Amino acid sequence: MRHRFWTLDVFTDRRFAGNPLAGIFAEMMGGAAKAEPKRKANPSGRARNPYDDLFDGMFESGARQRDEYAKSMEQIFDRFLAGTRKG
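The structure presented is a predicted model; accordingly, all values stated were derived computationally and were not measured.

Counting secondary structure elements, the protein chain contains two helices and zero strands. Counting only residues that meet the buried cut, the protein chain has 10% of its 87 residues in that class. The long-range share in the protein chain, meaning contacts at least 24 apart out of those at least 6 apart in sequence, stands at 39%. With the model as given, the accessible surface of the protein chain reaches about 7800 Å², and the carbon-plus-sulfur share is 60%.

Listed below in structure tokens is the structure:
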């Protein structure tokens, strides 16, 4: 069963950029358009199960959101420091 959901982010004009948790949730629920991921073999050699894909997706989307958040924070500080150097 598919559910529709909407988000409202008043902190940014880019979708999910102001709320990393909303981005993770959207990717988990299939709301974000993405290419079909390749199925990876388990390092242990055991057979894959549906939970492997679920948890892999959660961790990968979390890592992407963390990287985007760090990049945006760096941009904020860079703009701040550039403004203090001018004055």
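That was the structure; now back to the text.
Along the chain, Asp52 falls in helix α2 (residues 50-86). Under the relative-accessibility criterion, Asp52 is labelled buried at 11%. A distance of 2.9 Å separates a polar atom in the side chain of Asp52 from a polar atom in the side chain of Arg46. Apart from the residues lying within four places of it in its own chain, the contact partners of Asp52 are Asn42, Arg46 and Ala47.

With 37 residues, α2 should reach 54 Å at 1.5 Å per residue; the first-to-last C-alpha distance of 55 Å fits that figure. All of the buried residues in α2 are Asp52, Ser61 and Gln65. Buried residues along α2 sit in contact with α1 (20-28). The distance from a side-chain oxygen at the start of α2 to the backbone nitrogen of Tyr51 is 2.9 Å, and the residue carrying that oxygen is Asn49.

Here the focus is the packing of α1 against α2. For the pair α1 and α2, the least separation of the axes is 9 Å and the interaxial angle reads 150°. As judged from the angle between their axes, α1 and α2 are roughly antiparallel. Note that α1 runs across α2; the crossing there is right-handed. Taking contact as the criterion, the partners of Pro20, Gly23, Ile24, Glu27 and Met28 in α1 are, on α2, Met58, Ser61, Gly62, Arg64, Gln65 and Tyr69. Counted by class, the contact of α1 with α2 contains five nonpolar, four polar and two charged residues.

Criteria and thresholds
Residues numbered from 1 in each chain as written. Predicted model: local features only at pLDDT ≥ 70, side-chain atom pairs only at ≥ 80, totals over all residues. Heavy atoms only, no water. Helix = DSSP H or I, 4+ residues; strand = E, 2+ residues; numbered from the N terminus. Buried < 20%, exposed > 50% of the residue type's maximum accessible area, 1.4 Å probe, protein only. Contact = heavy atoms within 4.5 Å. Areas by Shrake-Rupley, 256 points an atom, 1.4 Å probe, with all protein chains shown as cover. Polar contact = N/O pair within 3.5 Å; in protein donor to acceptor, adjacent residues only side chain to side chain. Expected span 1.5 Å × (residues − 1). Axes fitted to C-alpha atoms, helices over the stretch in contact; angles between N-to-C directions. Parallel < 35°, antiparallel > 145°, perpendicular 65-115°, else oblique. Left-handed = near helix turned anticlockwise from the far one by under 90°. Nonpolar A, V, L, I, M, F, W, Y, C, P; charged D, E, K, R; others polar.

Function cannot be inferred from these measures alone, as they are strictly geometric.
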